[in-house]
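Remarks on the overall topology
Next come the chains, spelled out residue by residue.
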Amino acid sequence: MLGSVFLRADALDQAIAAGLRPADFYRSANQVLFGRLVEMREAHEPIDPVTVDLAMAGKAKGPVTKRSATWRGYCEVLLNQVPHAENVGRYAAEVIAKSKVRAVIRMASEVAARGAAEGADPTELIETMLRHCFEMQQRGMRSEIRQVRPILHEVMDHIEQMGKAAASGKG
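Description of the structure in this document. Just so it is clear, the model here is predicted, and its values are computed rather than measured. Each chain has its residues counted from 1, running along the sequence as written. The predicted nature of this model means local features are confined to residues of pLDDT at least 70 and side-chain atom pairs, given and counted, to a pLDDT of 80 or more, with totals for whole chains, interfaces and linings taken over all residues. Side-chain measures here rest on the full set of heavy atoms in the structure, leaving out hydrogens and waters.

1. As for the side chain of aspartate 24
- Numbering goes from the N terminus for both helices and strands, where a helix is a DSSP run of H or I of at least four residues and a strand is a run of E of at least two. If you trace the backbone, aspartate 24 turns up in the loop between helix 1 (11-17) and helix 2 (28-42).
- On the accessibility criterion, aspartate 24 (0% relative accessible area) is buried. Here the term buried applies to any residue with accessible area under 20% of the maximum for its type, exposed to any over 50%, and partly exposed to those in between, with areas from a 1.4 Å probe on protein chains only.

This is the structure:
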């Protein structure tokens, strides 16, 4: 999914609109990278392997892998792994789905550990499970609200351009 961002201008917006968050990624390098990409998008900065590498300088150590020791190299590896950039929405949905599965596993492990403890309260265990399920459901609802953000940037840019044109007598 991350490699798609370097191939399509709207890929990051699609991922954000789908509700993808940095915490949804399993690898910490991907969490850090996605978070920075979102920040760069919000600041209207160009996004490519070189600008990402510069933006990450001093903020996060590069992801040392077998194929890359720098953020630029890591971005290029991700870029080369993208089968089809057109499927970014599907890739984002898959990352979110896997994140939810990991969250369910963590929740079940937590409840199982509490249940194995001496004197575990069944009502408390059920309430814990329900609270986690509710939080996951709420997150899905927030992603629908979050879809407005990319559109809002475009509208604000347009309003700003109209204001500049009016001030210069062109509008």
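Right, picking up where we left off after that structure.
2. Side note on a nonpolar patch on the surface
- A patch consists of residues whose relative accessible area exceeds 30% and which take part in no salt bridge; residues with like charges are grouped when within 9 Å of each other, and nonpolar side chains (Val, Leu, Ile, Met, Phe, Trp, Tyr) when within 5 Å. For every accessible area listed, the method is Shrake-Rupley and the probe measures 1.4 Å; residues are considered covered only by the protein chains on display. Should a side-chain nitrogen of Lys or Arg be within 4 Å of a carboxyl oxygen of Asp or Glu, the pair is scored as a salt bridge. Taken together, Ile126, Met129 and Leu130 make up a surface patch of nonpolar side chains, about 280 Å² in accessible area.
- Judged by its relative accessible area of 56%, leucine 130 is exposed.

3. A short note on the nonpolar core
- In this description, a nonpolar core means a group of buried Ala, Val, Leu, Ile, Met, Phe, Trp, Tyr and Cys residues linked to one another through side-chain atoms lying within 4.5 Å. Counting 28 residues, the largest nonpolar core has Met1, Leu2, Leu20, Leu33, Phe34, Leu37 and Val52 as its most contacted members.
- Breaking this core down by element, the ones donating at least two residues are helix 1, helix 2, helix 3 (49-56), helix 4 (71-80) and helix 5 (88-116).
- Top element by residues in this core is helix 2. It accounts for 6 residues.
- Contacts of leucine 37, omitting those with residues within four sequence positions, involve Leu2, Val5, Phe6, Leu12, Ile47 and Val52. Contacts are residue-level and defined by heavy atoms, with any inter-residue pair within 4.5 Å sufficient.

4. What to know about helix 5
- Residue count minus one, scaled by 1.5 Å, sets the expected span of a helix. For helix 5, spanning 29 residues, the distance from its first C-alpha to its last is 42 Å, which sits close to the expected 42 Å at 1.5 Å a residue.
- For helix 5, the complete set of buried residues consists of Val88, Tyr91, Ala92, Val95, Ile96, Ser99, Met107 and Val111.

5. Side note on the packing of helix 2 against helix 3
- To get an axis, fit a line to the C-alpha atoms, keeping to the stretch in contact for a helix; angles then go from 0 to 180 degrees between the N-to-C directions. Look at helix 2 against helix 3: their axes get within 11 Å of each other, and the N-to-C directions meet at 100 degrees. Judged by the inter-axis angle, helix 2 sits roughly perpendicular to helix 3. Every residue of helix 3 that contacts helix 2 at Val32, Leu33, Arg36, Leu37 and Met40 is listed here: Thr51, Val52, Ala55 and Met56.
- Here the nonpolar group is Ala, Val, Leu, Ile, Met, Phe, Trp, Tyr, Cys and Pro; Asp, Glu, Lys and Arg are the charged ones; every other residue, Gly included, is treated as polar. Considering only residue class, the contact of helix 2 with helix 3 consists of 7 nonpolar, 1 polar and 1 charged. Working rule for angles: under 35 degrees goes down as roughly parallel, over 145 as roughly antiparallel, 65 to 115 as roughly perpendicular, anything else as oblique.

6. As for the pattern of salt bridges
- Evaluated as defined, the whole model comprises 9 salt bridges.
- Its salt-bridge partner being aspartate 13, residue arginine 41 comes within 2.9 Å of it at the nearest N-O pair. Here arginine 41, found in helix 2, pairs with aspartate 13, found in helix 1; they are 28 residues apart in sequence, far enough to count as distant.
- Under the relative-accessibility criterion, arginine 41 is labelled buried at 16%.
- Between glutamate 124 and arginine 114 there is a salt bridge; the shortest N-O distance is 3.9 Å. Of this pair, glutamate 124 sits in helix 6 (residues 122-146) while arginine 114 sits in helix 5; the two residues are 10 residues apart in sequence, bridging distant segments of the chain.
- Judged by its relative accessible area of 34%, arginine 114 falls in the partly exposed class.

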